There are 8 protein chains.
Amino acid sequence: MTTSYKRLDKDNAAVLLVDHQAGLLSLVRDIDPDRFKNNVLALADLAKYFELPTILTTSFETGPNGPLMPELKSLFPDAPYIARPGQINAWDNEDFVKAIKATGKKQLIIAGVVTEVCVAFPALSALAEGFEVFVVTDASGTFNELTRQSAWDRMSSSGAQLMTWFGLACELHRDWRNDVEGLATLFSNHIPDYRNLMTSYNTLTSAK
Amino acid sequence: MTTSYKRLDKDNAAVLLVDHQAGLLSLVRDIDPDRFKNNVLALADLAKYFELPTILTTSFETGPNGPLMPELKSLFPDAPYIARPGQINAWDNEDFVKAIKATGKKQLIIAGVVTEVCVAFPALSALAEGFEVFVVTDASGTFNELTRQSAWDRMSSSGAQLMTWFGLACELHRDWRNDVEGLATLFSNHIPDYRNLMTSYNTLTSAK
Amino acid sequence: MTTSYKRLDKDNAAVLLVDHQAGLLSLVRDIDPDRFKNNVLALADLAKYFELPTILTTSFETGPNGPLMPELKSLFPDAPYIARPGQINAWDNEDFVKAIKATGKKQLIIAGVVTEVCVAFPALSALAEGFEVFVVTDASGTFNELTRQSAWDRMSSSGAQLMTWFGLACELHRDWRNDVEGLATLFSNHIPDYRNLMTSYNTLTSAK
Amino acid sequence: MTTSYKRLDKDNAAVLLVDHQAGLLSLVRDIDPDRFKNNVLALADLAKYFELPTILTTSFETGPNGPLMPELKSLFPDAPYIARPGQINAWDNEDFVKAIKATGKKQLIIAGVVTEVCVAFPALSALAEGFEVFVVTDASGTFNELTRQSAWDRMSSSGAQLMTWFGLACELHRDWRNDVEGLATLFSNHIPDYRNLMTSYNTLTSAK
Amino acid sequence: MTTSYKRLDKDNAAVLLVDHQAGLLSLVRDIDPDRFKNNVLALADLAKYFELPTILTTSFETGPNGPLMPELKSLFPDAPYIARPGQINAWDNEDFVKAIKATGKKQLIIAGVVTEVCVAFPALSALAEGFEVFVVTDASGTFNELTRQSAWDRMSSSGAQLMTWFGLACELHRDWRNDVEGLATLFSNHIPDYRNLMTSYNTLTSAK
Amino acid sequence: MTTSYKRLDKDNAAVLLVDHQAGLLSLVRDIDPDRFKNNVLALADLAKYFELPTILTTSFETGPNGPLMPELKSLFPDAPYIARPGQINAWDNEDFVKAIKATGKKQLIIAGVVTEVCVAFPALSALAEGFEVFVVTDASGTFNELTRQSAWDRMSSSGAQLMTWFGLACELHRDWRNDVEGLATLFSNHIPDYRNLMTSYNTLTSAK
Amino acid sequence: MTTSYKRLDKDNAAVLLVDHQAGLLSLVRDIDPDRFKNNVLALADLAKYFELPTILTTSFETGPNGPLMPELKSLFPDAPYIARPGQINAWDNEDFVKAIKATGKKQLIIAGVVTEVCVAFPALSALAEGFEVFVVTDASGTFNELTRQSAWDRMSSSGAQLMTWFGLACELHRDWRNDVEGLATLFSNHIPDYRNLMTSYNTLTSAK
Amino acid sequence: MTTSYKRLDKDNAAVLLVDHQAGLLSLVRDIDPDRFKNNVLALADLAKYFELPTILTTSFETGPNGPLMPELKSLFPDAPYIARPGQINAWDNEDFVKAIKATGKKQLIIAGVVTEVCVAFPALSALAEGFEVFVVTDASGTFNELTRQSAWDRMSSSGAQLMTWFGLACELHRDWRNDVEGLATLFSNHIPDYRNLMTSYNTLTSAK
């Protein structure tokens, strides 16, 4: 008996960034803030890099939840941006689902704050409608590890693929030869250890 | 192949609070006591807020296990209260099951102390009778993390949905517009970070 | 769709204690030694208390693995004791399987050192032969948490029930009224927090 | 309903060592470097010991990823060695798959750096082609625990067996009597606690 | 050689609450928010209970740092309240020091956010002027444990006494007979484990 | 410049066990209960073994704090036992200090619950009166690690020696030849790893 | 007895950045790399912001230790840059000490990799020559926490002040009114939580 | 006021290896065994490399404590080897102290098992006799972190320098130019991260 490999395809994937808002970010305590900010920006950068259709949404952004991270706004000036008037599960918002369906993609890459709500609810809804769902676990944050583990268990049990931004980038890219420099830049900007490798490498090879 | 989304519906859900007794609470060491007390009271408050039928039960409350947390008693003065004479699995008590069935609900939200016994046993029994079971992982406590992980694995493998009180509240509420103030008050009372957001927000907007 | 509840039945369960040997115990580093020793003895005590058929086995006990914990030897002087001449998976030893089948029980409670070998191998073999398997996670130890998590995942994926000795005791006992004092003594001897509850309770009630 | 036991068979297993390169090793932070190096070398030693066909592969070894760990090169001088020109998923490289199929084995033991990419991608591909896959979790490393947990969840959900090098060695060996000294040497070289047991044992028995 | 015991004296102590502001509280990540909020309120309650002169101060409260926790404002309506126009070290603000000196007390109990700045700076200044300084470590918060340890080391090396609110309460109270009920109420309101003890105790003794 | 070595001398040392009461023990969360119980009993056993004068004291034992651990009562039936009527710092109780002075010892070994109060207060008082103070850190417990670290810092800064029961036993014993069997029995009863060593050793040597 | 407050004075302080080299950075495992990179750059930014004389030094930068972090090179193009030919303790290099003395400052702020060598050695040398030394603990990294704790203990015992970059910035700035925007920008660039506060604040106040 | 720098001098230092015995090693649980073994051997290698006089001692090596690690025996075949007949504090053994004094060195580098006894006792004795003491914290092990912290506090308070083997090696070597290859080999053999740096470096530079 074989298991099919749900493999990301850059021609069939869209990215959903759900509720990365300045207020809600202060609730995230399962990942340290330096790392979390880096992960979210890495995911955004890879969405740009692979030219994946990207959809932004926020919940109540004029209240205490606060505005979207400004970096996301400026990275995706032309992306559909759905400021939900009240729906907690973004999938309950018709415009959001319409925007997704307009992309024609069947693989949805989802990240958001907080994991068990803003990520899990649309992920479960999308799975129920037949989409393949890839949760970006390290660009999604929540109150603590116990909360995260519960949310992961619920999503994984329903068939969501748990991945991180680095795994996503690698699975989308497939082959370094498609663009060595582009991928290396992405890694260098978001993985200090990789940047160090490149610094040493470049110094030694340019010294030849 | 799609996966159905077992989604909480406030018109079809009941809450079971199992053995949150003063003595047994001293056994809980997988969650710090300040946080645990807050989680249990948050769950109780949300049950009140959504007017979910709630059932209280205790095990041997006249012995070392001790009396129910007084806060729960006073929050639910009219709820069915089953002081079990000896059954460890609450589902083995006819009155408890009768009280559940009397609600007519098919979705059971369960929390209790200790997780691998007072929660897991009735959860597994309810699943076997066709109920949908939602375990409130952060309002359930046990001896240590190893014990918790074992209990979660057993329940999840049998189809229980692992959730936390915050996820429950959001899934039940569906849309902020149903009652902004009510939900915000619930969050403010039980999430210090959220209260801080509201304090800053209210100060700034009332200063206008 | 309902899920059947694989529930322990004291009339249908046997206990397998695999390789709790003095040498091998020094390899256990995922559980602190005071707690681990207590968990193993608690499991042994409950096997005695519920009069479950118990089978002891060791691996190479005359070599560096060392002799069985003396406490286990003296608790079960008449239990089948299989000192395996070389088989790593106890299930590969005919005498061991014969002893199990001789009990006529279909539910096997397994604990041992180390988890991913001495527990997992016979657990997987037993599952493959149609037994119900209950792994006592806290009376089984191994090198570190990463090793434990791998082992749990493998066993759980194959249908093993992950439990702890306390959960076992409660599921086997079913109802405090079957013997309040016996169960309370078991808990008091192996759960310091429970003993404290009893000490306070007894002092206050005897003072009346 | 019984569950089949996917049991390692030394006559039907091959080992794939993916991208244990000097540069990439500096990215591994979920396992401490002393332990990780030991685990990788233990896996290599056991592959030699059981004479399992072993395949080495690297990704971009002339760039910052760096050369293969020299110890692996010298342990397997005659093994197929595929320096991939660009494919991230080793399974996308025809030579790699051809080398695997040339072994005629149906059980693949995989370890690599980093877990969610270099291990998970070929593992998922192999499962999709009907191989039995055994991931050596402790000889595979990645950025942090969150990343590891996501990768494990994805692989386990697709049917991979999560194991550690010690479990592998025991499942392959089956019976100490096949070669007591060989296995003991393997353990003594890679498990300091086991070496201590042997040191004490040998001293005492040779003193007789 | 004897060491003098710098012992708190409720007739010679004042409490300084420095910058517990809604915005700054979101920076505190070395203590979980449920526990931290509880600790701060416990300290405030004990200041009231022992009628210690208490001084409130904030930094830039009209900016992102946000307003003081409302609970503190309402607990101490008549306390000196110094909204500092810019000084980071509260001791650089003349009004603050004047208010302290006006109390005539020589023992200063200090807590604040963040530990290495809002607590450490005035603590070091006060020590340099000959005050005895008692830092309330658990009602002071900062970015992470590394930051906290650095701050503690600097303060302790200069002679500050590191204490927690519970230790403070006990050292100030000296003898339960001074007011059993008052102290017990303080503990019951802020220590869930203690409340549980009291619940069980009261139930059992009132049942006589 | 040399530093004098404050070395324990069994002819000049007394043991103070402060408030190891059934209720207060439920507050101890910085050490796991199996280990903590073992440490307290190990300290008691060594006090007996070295025949050190031992003094027991409790705080409000008829209230929620509960009775002294029964094991301590029975181990020291003839020891001075001061049930303090209200003093929190045991040193404020004249009978307690009188009992200490009656021993004529200048080295005080102190353990208790909770560390920052029941241990630290009398420790600081004793240091101020010129005693040498040895805090048994692992037989003293408190709410959490932050609390413990504060308490240790305060005591160490005042000159207390921080030790554990094992270190105490070794420093008091000086030379194994004084009584090999006695010390080995003490270790075997309270250190599972040591018992394992002895089990293997005895088996091998008796097999000769 | 008062304790003098060794307070940073921006007119009397110089910054020493020791061996933040691409190769050595891969040895740092006591702080996660995202956070560590941020801390080092924050320290560099504050040195620029306060116009503190800054001295760069490296050890063997043409070997495996690798080149200095390029960001540091470009931030301080005109700073003294001492590529040490071999001295491990930078203080043993005459040019380094000469450069320090040329600044005329008496307060030395030191950070480097690895803490117990590149930071501790010059810190101890500087203290021995009468400088005031401020170690930037969070911009200094080493192999693990045990190593860090040893290094801190050695430096603190010799009189070094342990601080973090945030504490440094605050102690140097003294008063927000000296330049609100400058300090806020520094914080916003290096403290994600603070940036979130500012984002929400700016949105709300600009919306008026 | 300056603080003197107690700096290691290879012409004035001796190494004491206390009780690294096969049995006692199984008690060490504050450091993972792979890392601990590596640290001890690294210390031994550096003692050889710097030709420091080295003294070996054991406690009761014919009993359960077991024989000295064989690697140490073979590395120092001609070193003084004191098998103590019973003294727990090695300093109480005349031969041991005589061997130390015979070296004529005033700086003692001490490591052993367990930290609070076999290291702390002779360290305190040596300090009291005017030696400079350097504790190798990472080549000394004990039961758990609490035990270690107590032991470190006691030794540090008495003036011992807490160091690790890497810091020792660097402080003894002073200048890479004294022998680049020798030091690099030491690091490469005991620091996997450093070996990786060298592997990449050598590959790139030899490829020129």
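For every chain, the first residue of the written sequence is number 1, and numbering continues from 1 along that sequence. For this description, chains carry letters from A and ligands carry numbers from 1, given in the order in which they are written. A pLDDT threshold of at least 70 governs which residues receive local features in this predicted model, and a stricter bar of 80 or more applies before side-chain atom pairs are shown or counted, although totals over entire chains, interfaces and linings include all residues. Excluded from the side-chain calculations are hydrogens and water; all other atoms, namely the structure's heavy atoms, are used.

- Per an unreviewed UniProt entry, chain A is named Hydrolase, and its organism is Pseudomonas rhizophila.

## A short note on the sheet that holds strand β5 (residues 132-136) of chain F
All names here are of chain F.
1) Next: When DSSP finds at least two bridges between two strands, those strands are taken to pair. The numbering of helices and of strands both runs from the N terminus, where a helix is a DSSP run of H or I of at least 4 residues and a strand a run of E of at least 2. The strand order β3-β2-β1-β4-β5-β6 describes an open sheet built from six strands, whose pairing is parallel. The open sheet has two edge strands with one neighbour each: β3 (81-84) and β6 (161-163). For this sheet, the mean inter-axis angle between neighbouring strands, taken without regard to orientation, is 25°.
2) Next: Note: strand β1 (residues 13-18) against strand β2 (residues 54-59), four bridges, orientation parallel. Each bridged residue has a counterpart across the sheet, and for V15 the counterpart in β2 is T54.
3) Next: Only heavy atoms matter for contacts: two residues are in contact if any of them lie within 4.5 Å across the pair. Angular values range over 0 to 180 degrees, each being the angle between N-to-C directions of two axes fitted as lines to C-alpha atoms, with helices fitted over their stretch in contact. This element, helix α4 (residues 94-103), spans β1, β2, β3 and β4 (107-112) of the sheet and lies at about 175° to β2.
4) Next: On the sheet, helix α7 (residues 165-173) packs against β4, β5 and β6 and is oriented at approximately 105° with respect to β6.

## Considerations on the interface of chain A and chain D
1) Next: Contact residues are listed per partner, giving 34 residues for chain A and 37 residues for chain D.
2) Next: The term buried area denotes the loss of accessible surface (1.4 Å probe radius) that occurs when two parts are joined, taken as the sum for both partners. Contact between chain A and chain D buries roughly 3,000 Å² in total, counting both sides, with carbon and sulfur atoms accounting for 59%.
3) Next: Whenever a carboxyl oxygen of Asp or Glu lies within 4 Å of a side-chain nitrogen of Lys or Arg, that contact is scored as a salt bridge. Seen at the junction of chain A and chain D, the total is three salt bridges.
4) Next: Salt-bridge contacts for R29 of chain D lead to D193 of chain A; the nearest nitrogen and oxygen are separated by 2.7 Å.
5) Next: N or O atoms within 3.5 Å of each other form a polar contact, as long as, within protein, one can give a hydrogen and the other can take it, and as long as residues adjacent in sequence are counted only when both atoms are side-chain atoms. Where chain A meets chain D, there are 11 residue pairs in polar contact (both at pLDDT 80 or more).
6) Next: For the side of chain A that touches chain D, the elements supplying multiple residues, two or more each, are α6 (145-157), β6 (161-163), α7 (165-173), α8 (180-190) and α9 (192-206) of chain A.
7) Next: Side-chain classes follow a simple rule in which Ala, Val, Leu, Ile, Met, Phe, Trp, Tyr, Cys and Pro form the nonpolar group, Asp, Glu, Lys and Arg form the charged group, and the remainder, Gly included, forms the polar group. A breakdown of the residues in the side of chain A that touches chain D according to their chemical character gives 16 nonpolar, eight polar and 10 charged.

## So, the relation of the copies chain A and chain D
1) Next: When the copies are superposed, the least-squares fit draws on C-alpha atoms of residues that have pLDDT of at least 70 in both. Between the two copies, chain A and chain D, the superposition gives an RMSD of 0.0 Å; the rotation angle is 90° and the shift along the axis is 0.0 Å. Here the transformation between the copies is reduced to the relation of a four-fold axis. Residue S157 of chain A, judged by its C-alpha, is the member of chain A lying nearest the rotation axis, at 6.1 Å.

## A look at the environment of K48 of chain H
All names here are of chain H.
1) Next: Residue placement: K48 occurs in helix α2 (residues 33-49).
2) Next: Separated by 27 residues in the primary sequence, K48 and L75 place their C-alpha atoms 7.9 Å from one another.
3) Next: Beyond its immediate sequence surroundings of up to four residues, K48 is in contact with L75 and F76.

## Some words on the environment of D193 of chain D
1) Next: Relative to the assigned elements, D193 of chain D resides in helix α9 (residues 192-206).
2) Next: For D193 of chain D, the residues in contact, after removing those within four places along its chain, are S26, L27 and R29 of chain C together with P33 of chain H.

## Things to note about the interface of chain H and chain G
1) Next: Counting residues at the interface gives 34 residues for chain H and 37 residues for chain G.
2) Next: Together, the buried faces of chain H and chain G total about 3,000 Å²; carbon and sulfur atoms form 58% of this surface.
3) Next: Linking chain H to chain G there are three salt bridges.
4) Next: Across the chain H-chain G interface, the total number found is 11 residue pairs in polar contact (both at pLDDT 80 or more).
5) Next: Among the elements of the structure, α6 (145-157), β6 (161-163), α7 (165-173), α8 (180-190) and α9 (192-206) of chain H are those that each provide at least two residues to the side of chain H that touches chain G.
6) Next: Residue composition of the side of chain H that touches chain G, by class: 16 nonpolar, eight polar and 10 charged.

## A few points about the pattern of salt bridges
All names here are of chain C.
1) Next: Summed over the entire model, instances satisfying the criterion amount to 88 salt bridges over all chains.
2) Next: Note that D30 is salt-bridged to R148, the shortest N-O span being 3.2 Å. With D30 in the loop between α1 (22-25) and α2 (33-49) and R148 in helix α6 (residues 145-157), this pair connects stretches of sequence that are 118 residues apart. The exposure classification of D30 matches that of R148, with both residues buried. Burial classification: accessible surface area is computed with a 1.4 Å probe over protein chains only, and a residue below 20% of its type maximum counts as buried, one above 50% as exposed, and the rest as partly exposed.

## Regarding the packing of aromatic side chains
1) Next: Ring pairs shown here join Phe, Tyr and Trp side chains whose ring centres sit within 6.5 Å, with only the six-membered ring taken for Trp; geometry is labelled stacked below 30 degrees between planes, edge-to-face above 60, and tilted in between. Following the criterion strictly, the structure yields 72 aromatic pairs over all chains and no others.
2) Next: Where F60 of chain B meets W176 of chain C, the ring centres are 5.2 Å apart and the plane angle is 85°; that geometry is what we call edge-to-face. Of the two residues, F60 of chain B sits in the loop between β2 (54-59) and α3 (70-75) while W176 of chain C sits in the loop between α7 (165-173) and α8 (180-190), which places them in two different chains.
3) Next: On the accessibility criterion, W176 of chain C (7% relative accessible area) is buried.
4) Next: Each ring, one from F166 of chain E and one from F143 of chain F, has its centre 5.0 Å from the other, and the planes form 75°; the classification is edge-to-face. In this pair, F166 of chain E is assigned in helix α7 (residues 165-173) and F143 of chain F in the loop between β5 and α6 (145-157), connecting two distinct chains. Comparing F166 of chain E with F143 of chain F shows no difference in burial state: the two are buried.
5) Next: Put simply, the rings of F60 and F143 of chain A together with W165, F166, W176, F187 and Y194 of chain B pair up and form one aromatic cluster.
6) Next: Geometry around W152 of chain A places R148 of chain A over its ring, the cationic atom sitting 5.5 Å from the centre. Counted as over-ring charges are cases with an Arg CZ or a Lys NZ within 6 Å of the ring centre that also lie within 35 degrees of the ring normal.

## What to know about the side chain of T199 of chain B
1) Next: Structurally, T199 of chain B is set in helix α9 (residues 192-206).
2) Next: Here T199 of chain B falls in the buried class, since its relative accessible area comes to 12%.
3) Next: Setting aside residues no more than four positions away along its own chain, T199 of chain B makes contact with A22, P67 and P70 of chain E.

## Some words on unusual backbone geometry
1) Next: The peptide bond linking V113 of chain G to V114 of chain G adopts the cis configuration, its omega dihedral lying at 0°.
2) Next: Among the secondary structure elements, V114 of chain G is positioned in the loop between β4 (107-112) and α5 (115-128).
3) Next: Of note, F60 of chain A is a non-glycine position whose phi angle comes to about 55°, a positive value.
4) Next: Exposure remark for F60 of chain A: the relative accessible area of 22% places this residue in the partly exposed category.

## Things to note about the packing of α7 of chain C against α8 of chain C
Residue and element names in this part refer to chain C.
1) Next: Two numbers describe how α7 lies on α8: the axes approach to 12 Å, and their chain directions differ by 175°. One way to sum up the angle between α7 and α8 is to call them roughly antiparallel. Contacts between α7 and α8 involve W165, F166, A169, C170 and H173 from the former and L183, L186, F187 and H190 from the latter.
2) Next: Its residues assigned to classes, the contact of α7 with α8 comprises seven nonpolar, two polar and no charged. Here the word oblique covers every angle except those under 35 degrees (roughly parallel), over 145 (roughly antiparallel) and from 65 to 115 (roughly perpendicular).

## Looking at the pairing of β4 of chain G
Residue and element names in this part refer to chain G.
1) Next: β4 sits mainly inside the fold: six of its six residues count as buried.
2) Next: Relative to strand β5 (residues 132-136), β4 is paired through four bridges, and the arrangement is parallel. Following the sheet pairing, I109 is matched in β5 by F134.
3) Next: This β-α-β element, β4 to α5 to β5, shows right-handed connectivity. By convention, orient the strands away from the viewer: a clockwise path from the first strand over the helix to the second makes the crossover right-handed.

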